[in-house]
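What the coordinates show
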Amino acid sequence: FFFVMDRSQTPPVPEKFTTEYFESFQDLNDVPKAYKKDPQERIFVTRDLNMHSIKYVGFDMDYTLAVYNSPKFESITYDLAIRHLISMGYPEEIGTLKYDPSFPIRGLFVDTLLGNFLKVDAFRYIYQAVHGRTSLTSSQRREIYPSTQVPPEEIGTRYFMMNTLFNLVDACLFSDLVVFYENKQNEAGNKQGVHDTEVDAISFTNMFNDIRKAVDTVHGNGELKDKTIEMVEQLVDRSPKLSLLLDRLEKAGKKTFLLTNSGYSYTERLMSYMLNGFNEEKPNWKDYFDYIIVGAKKPSFFSEGNTLREVNLETGQLRVKRISKFEKGHVYNGGSMTIFSQLSGAKGQDVLYVGDHIFSDVIVSKKQHRWRNLLVVRELANEIEIQESPEASEMLKHLENLNFVFREIYRGTDSSSTEITDISLLRKHIKKTVATLNHKYNEKFGSLFRSGSKNSFFAMQVLRYADMYTADFTNLLNYPFFYYFSAPSNPLPHERTHEVPMIP
């Protein structure tokens, strides 16, 4: 079924564009709004991309093709990490701690020196700080961070950014242990100060490093992977849309490849579950891909990389042999961007890579090799749902009205005006409304994409490095593979012809 629009009041749309069409084109004053898909089914564009010119489409696996059941997957990871922390010398009492899905969001900065979580805007200004589960006041923030910014030279050392959904467990664990030890210290009569760098003789830096080590161990030693396969039907989504998308890409003449950091054994078991049995012409998941690389070790894959080895599909062992070409149905381990380009012929903007990690999948491949990309932001589905809710719409309309009042206050004033208008109460009401709206996304940190009314640091990265982003990679099915993805214009303030809500 196709909706047929009455075009008597719209510019004529030809079956084929000709020079004569544009020479005789007559503009209408009241053009109806352009058609847009349901927001949950859309791919959002930050940089124009002609899908017709894309020759290769690559996919990450974890949290991209493999959609893990949240928060059950994180809860299992959390429990396994707690066990490792206890084995590292942490007290048995922490075994009662449980993962809280309502607390963490990705895109936060962790101040590993002082044990704080920071919500930062696009210019690294600290909008919010949370210690344990306690939000710091604005005066406390200014006291601790007098520059009010996260220094760029300390990102990656003192400040750790939560780039991926895997980091949600790290965030919750760190917060829980900070609360656990500070409660323990308070019971002993020792009150914690905002400048303290340790609690109960444990530095926050060492505590965070221990957590990272425990979570990495859970991911690296096969413990979590075995549990995932054991409970695969409960933890991983299986949808015919994946098979359909890959099949249609092949029929459209696109080369497809899998590029994942996971090892062969786990990839084999997981991809078999997700793909086998949907298409009689492709009985094995490997039939869907032209090239398969496991153990890629991104982001180093995009720079120096590693030696490329072929995987023995019967034993899982790596073969030491010269590889002069990729063969369909074969699986390779490691390698580098240089080797991949040589063996596949894939060059720069011929490639669209689909992944969930803003740094490893998007920023590095974009900056170093100019791959085009589609960032999968799972949280976007929930953000859109809240954004489209009647309550959020009412609050946005209220902010628009308050913005009108703010502008009207200064109507007719200029440099000769001497009576100061007190807008403190208006600004207070605006901030309260913004905070109420933010709490609908997350009680502590608000929207993933916003720091108050400004773009968050994560949103800045998306706008700067991601060509496109979406809640679900299968939204590619909603567009023809010759589609021209066009980014909306982003005018400067002086170029705007229509007033938009601006929150002072």
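Please refer to the structure placed before this passage.
These notes cover the structure that comes with them. (Residues numbered from 1 in each chain as written. Predicted model: local features only at pLDDT ≥ 70, side-chain atom pairs only at ≥ 80, totals over all residues. Heavy atoms only, no water.)

**Some remarks on the sheet that holds strand S17 (residues 372-376)**
Just so we agree on the cut-off: Strand pairing requires that DSSP identify at least two bridges connecting the strands. Each helix is a run of DSSP H or I of at least 4 residues and each strand a run of E of at least 2, with the numbering of both proceeding from the N terminus.
Strand order across the open sheet formed by 10 strands is S1-S20-S17-S16-S3-S11-S12-S15-S13-S14, with mixed pairing between neighbours. In this open sheet, the two strands that pair with only one neighbour each are strand S1 (44-45) and strand S14 (318-319). Pairing geometry for strand S3 (residues 56-59) and strand S11 (residues 255-259), over 4 bridges, is parallel. Note that in S11 the partner of Val 57 across the bridge is Thr 256.

**A closer look at helix H8 (residues 240-251)**
Within an α-helix, residues lying three or four positions from one another point in the same direction, as the helix has 3.6 residues per turn. Which entries qualify depends on this criterion: Helices are assigned an expected span. That span is 1.5 Å times one less than the residue count. Only protein chains enter the accessibility calculation, which uses a 1.4 Å probe; a residue is then buried when its area is under 20% of its type maximum, exposed when over 50%, and partly exposed in between. Should any heavy atoms of two residues lie within 4.5 Å, those residues are counted as being in contact.
For H8, spanning 12 residues, the distance from its first C-alpha to its last is 17 Å, which sits close to the expected 16 Å at 1.5 Å a residue. Along H8, the residues classified as buried are Leu 242, Ser 243, Leu 245, Leu 246, Asp 247 and Leu 249. Where H8 is buried, its residues meet S3, S11 and helix H9 (264-275). Immediately beyond the C-terminal end of H8, within one or two residues, lies Gly 253, with a positive phi of roughly 90 degrees.

**Some words on unusual backbone geometry**
Note the cis peptide between Ser 70 and Pro 71, where omega equals 10 degrees. With respect to the element layout, Pro 71 can be found in the loop between S3 and helix H2 (72-87). Backbone torsion omega between Lys 298 and Pro 299 reads 10 degrees, so that peptide bond is classified as cis. Secondary-structure assignment places Pro 299 in the loop between strand S12 (291-294) and strand S13 (308-311). In the Ramachandran plot, Tyr 63 falls in the positive-phi region, its phi being about 65 degrees despite a non-glycine side chain. Structurally, Tyr 63 can be placed in the loop between S3 and H2. One non-glycine residue, Thr 148, lies in positive phi territory at about 60 degrees. Tracing the sequence through the fold places Thr 148 in the loop between helix H3 (138-144) and strand S8 (159-161). For Thr 148, a relative accessible area of 29% translates into the label partly exposed.

By themselves, these observations are geometric and do not establish any function.
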